[in-house]
Amino acid sequence: MEKYDKLEKVGEGTYGKVYKARDKVTGQLVALKKTRLEMDEEGIPPTTLREISLLQMLSQSIYVVRLLRVEHVEKNGKRLLYLVFEYLDTDLKKYIDTYKRGPNPRPLPSRVTQSFLYQLCKGVDHCHSHGVLHRDLKPQNLLVDKDKGILKVADLGLGRAFTIPLKSYTHEIVTLWYRAPEVLLGATHYSIGVDMWSVGCIFAEMARRQPLFAGDSELQQLLHIFRFLGTPNEDTWPGVSSLRDWHDYPQWKPQSIALALPMLESDGIDLLSKMLEYNPSNRISAKDAMEHPYFDSLDKSQF
């Protein structure tokens, strides 16, 4: 790691510690992710190799954070892996916070919300088309290049390749606020809908500068969702009552999304409602979302 000057620790990611560093030769800023996975006698474990080759393949999209290099290091007889990513100085959560704070809190400009959402759909579609679910999409995992107005999906550490038929997944994964109801209810088989629910929550948060569903436990999270979208039943979501953690919940009627998000025009409300569909198989895909009329006024040629 003599090639890099470590400047500061910038966080703990899915992999382990993350450092901001500078390449001594090129001067390029990078994010160094020190992985917890220590190499065994045979070298890098095959699961790690698969994840790394997946990350390399996915980072061919400008809307996914680029994996530049993989370095392995011997330290005190231990062999460690460092993943070297491009460095971006802010994430969507910090970006939204800059609009909330200060003497004149203001909404994100609607064209910024529109552009960021389109780029998010592009990044998510790129992952899905390569058979990868992210499963932990949240504003902190979306990095922003403020100068270029580019948004990139990051922290794909939990992206296991999904194949049809879907494998059973452990479900203690996504940050609660962006977690899809089928995951909260204990579904063991799930698909791209889990990411699209998160995309919907992120869309709403950009529009209103506050999380849409901010629960502090799995039950609270479900109740927030049910209060807003109405308590689901077998008509609105066939099969819901047979999910592992289903109980008899209080019965709420759906609220108007348009009233809750007056800053979104009708096309935005329509797209959001398609992302927040209860039945995961009816939820809009990232690919279809990009064709939605909400994006008609966006100059797509720049993407």
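Fair warning: this is a prediction, and the values are worked out from it, not measured in the lab.

Peer 1: I tried to follow the overall build of the protein chain on my own but got confused; where do I start?
Peer 2: The helix and strand tally for the protein chain stands at nine helices and eight strands. Computed over its C-alpha atoms, the radius of gyration of the protein chain comes to 20 Å, within 12% of the 19 Å expected for a compact globule of 303 residues. With the C-alpha coordinates aligned to their principal axes, the bounding extent of the protein chain is approximately 60 × 45 × 35 Å. Among the 303 residues that make up the protein chain, the fraction classed as buried is 51%. Long-range contacts, defined as pairs at least 24 residues apart, comprise 62% of the intrachain contacts of the protein chain with a sequence gap of at least 6. Accessible area of the protein chain: about 14800 Å², with a carbon and sulfur share of 51%. Within the protein chain, one finds 40 positive and 39 negative side-chain charges whose respective centroids are separated by 5 Å.

Peer 1: I keep staring at the pattern of salt bridges and nothing clicks. Help me out?
Peer 2: Opposite charge on two side chains allows them to pair when their charged atoms are near. In this structure the tally under the stated criterion is 17 salt bridges. Of the charged contacts in the structure, one is a salt bridge between Asp97 and Lys93, with a shortest N-O distance of 3.1 Å. Within this pair, Asp97 and its partner Lys93 are both found in helix H2 (residues 92-100), separated by four residues, close to a single helical turn. Judged by its relative accessible area of 13%, Asp97 is buried. The class for Lys93 is partly exposed, based on a relative accessible area of 34%. Between Asp270 and Lys274 there is a salt bridge, with the nearest N and O atoms lying 2.8 Å from each other. A residue pair is termed a helical-turn pair when its members lie 3 or 4 positions apart in one helix, as Asp270 and Lys274 do in helix H8 (residues 266-275) at four residues. Judged by relative accessible area, Asp270 falls into the partly exposed class, the value being 31%. When salt bridges that share partners are traced, they join Lys3, Asp23, Arg69 and Glu71 into one network.

Peer 1: Sorry, what's going on with the sheet that holds strand E2 (residues 17-23) here?
Peer 2: Hydrogen bonds between backbone atoms are what pair the strands of a sheet, whose relative direction is either parallel or antiparallel. The five strands are arranged E1-E2-E3-E5-E4 in an open sheet whose pairing can be described as antiparallel. For this open sheet the edge positions go to strand E1 (4-12) and strand E4 (67-75), each flanked by a neighbour on one side alone. Within this sheet the neighbouring strands show an average axis-to-axis angle of 30 degrees, counted without direction. In the sheet, strand E3 (residues 29-34) pairs with strand E5 (residues 78-86) via five bridges, with the strands oriented antiparallel. Counterpart to Val30 in the pairing with E5 is Glu86.

Peer 1: What should I look at first to understand the packing of aromatic side chains in this one?
Peer 2: In the structure shown here, the tally under the stated rule is 14 aromatic pairs. Consider the rings of Tyr63 and Phe303, whose centres lie 6.3 Å apart with planes at 65 degrees: the pair is edge-to-face. Residue Tyr63 is found in the loop between helix H1 (46-58) and E4, and its partner Phe303 is found in the segment after helix H9 (286-289); the two are separated by 240 residues along the sequence. Ring centres of Phe213 and Phe228 lie 5.8 Å apart, and the angle between their planes is 65 degrees; this geometry places the pair in the edge-to-face category. Residue Phe213 is found in the loop between helix H5 (193-208) and helix H6 (218-229), and its partner Phe228 is found in helix H6; the two are separated by 15 residues along the sequence. Seen from the ring of Tyr19, Lys6 lies directly overhead, with NZ or CZ sitting 4.1 Å from the centre. Between the NZ or CZ atom of Lys33 and the centre of the ring of Phe85, over which it lies, the distance is 5.1 Å.

Peer 1: Honestly, the pairing of E3 in this entry has me stumped. Any pointers?
Peer 2: Regular strands place their side chains on alternate faces of the sheet. Note that E2 and E3 share five bridges and pair antiparallel. Within E3, the residue paired with Tyr19 across the bridge is Leu32. Between E2 and E3, which follow one another and run antiparallel, lie five residues, and Gly27 among them has a positive phi close to 80 degrees.

Peer 1: Any chance you could explain the environment of Lys6 here in plain terms?
Peer 2: You can see Lys6 is positioned in strand E1. Through-space distance from the C-alpha of Lys6 to that of Leu32 is 8.5 Å; in sequence the pair is 26 residues apart. Those residues in contact with Lys6 that sit more than four places away from it in its chain are Tyr19, Lys20, Ala21, Leu32 and Tyr82.

Definitions and cut-offs
Residues numbered from 1 in each chain as written. Predicted model: local features only at pLDDT ≥ 70, side-chain atom pairs only at ≥ 80, totals over all residues. Heavy atoms only, no water. Helix = DSSP H or I, 4+ residues; strand = E, 2+ residues; numbered from the N terminus. Rg over C-alpha atoms; globule rule 2.2 N^0.38 Å. Buried < 20%, exposed > 50% of the residue type's maximum accessible area, 1.4 Å probe, protein only. Contact = heavy atoms within 4.5 Å. Areas by Shrake-Rupley, 256 points an atom, 1.4 Å probe, with all protein chains shown as cover. Lys, Arg positive; Asp, Glu negative; His and termini not counted. Charge placed at Lys NZ, Arg CZ, Asp CG, Glu CD. Salt bridge = Lys/Arg side-chain N within 4 Å of Asp/Glu carboxyl O. Pairing = 2+ DSSP bridges. Axes fitted to C-alpha atoms, helices over the stretch in contact; angles between N-to-C directions. Phe/Tyr/Trp six-rings, centres within 6.5 Å; stacked < 30°, edge-to-face > 60°. Lys NZ or Arg CZ within 6 Å of the ring centre and 35° of its normal.

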